[in-house]
Amino acid sequence: IAGKTFQKKLARVRSYLLRINIGDDVLEKVLRYYNFHWSRQGGIIENEAMDKLPTTLRFSVASHINGSMIESTPFFSRCDQSTKQIIVTALQSRVFTPLDIIAKEGDNGFEMFFLQRGRVTISTSQMSLPVITSSSKGDFFGECYLLDSETSCETVTACVYCEFYVLS
């Protein structure tokens, strides 16, 4: 049943994109995005599912998913437990497709990113070659943006599909 529901949703998305004459390259990228969600989570887009939950259930699920990640992040070590609970529920799931620019050198940043899965390229204008980081779950960047509206000192680009939790 879930597979049929997903296929119907995918057909509606495809039909809509064709109706507005979207380019084939964008159409293909959108369809790959939905197929990625299907392969990873059975077609569930986490933010949509979480938004429909009552606050207490949303907190319980968010704590289960990200509580240990927040607890182990040095940036939040001085926060009390209630602040950490607020942070856990504020995190939003976000997927970046290959070659998406996640943060661009020189742009103002407003978000902190926690990598769940994927690999990114980090480069700066100061480096002659990009450094490819085979990142692991829980790696993060952008914490300085939460304190000050600083500009990014590096460009972070998705090498593959990357799953993040983002704090704005």
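Preceding block: the structure.
These notes cover the structure that comes with them. (Residues numbered from 1 in each chain as written. Predicted model: local features only at pLDDT ≥ 70, side-chain atom pairs only at ≥ 80, totals over all residues. Heavy atoms only, no water.)

## Here we look at helix α4 (residues 55-71)
Over its 17 residues, α4 extends only 21 Å from the first C-alpha to the last, a length that falls short of the 24 Å expected when each residue adds 1.5 Å. Where α4 bends most, the angle comes to about 50°, and this point is I65. Along α4, the residues that are buried comprise A62, N66, G67, M69 and I70. Buried positions along α4 lie against α3 (46-51), α5 (81-90), β3 (112-117) and β8 (162-167). (Helix = DSSP H or I, 4+ residues; strand = E, 2+ residues; numbered from the N terminus. Expected span 1.5 Å × (residues − 1). Bend = angle between axes of the 7 residues up to and from the residue. Buried < 20%, exposed > 50% of the residue type's maximum accessible area, 1.4 Å probe, protein only. Contact = heavy atoms within 4.5 Å.)

## Digging into the pattern of salt bridges
Per the stated rule, a full pass over the model turns up 5 salt bridges. Where K29 meets D100, a salt bridge forms, and the shortest distance between an N and an O atom there is 3.0 Å. With K29 in helix α2 (residues 24-41) and D100 in the loop between β1 (92-96) and β2 (101-103), this pair connects stretches of sequence that are 71 residues apart. The class of K29 is partly exposed, set by a relative accessible area of 34%. On the basis of relative accessibility, which here comes to 19%, the residue D100 falls in the buried class. (Salt bridge = Lys/Arg side-chain N within 4 Å of Asp/Glu carboxyl O.)

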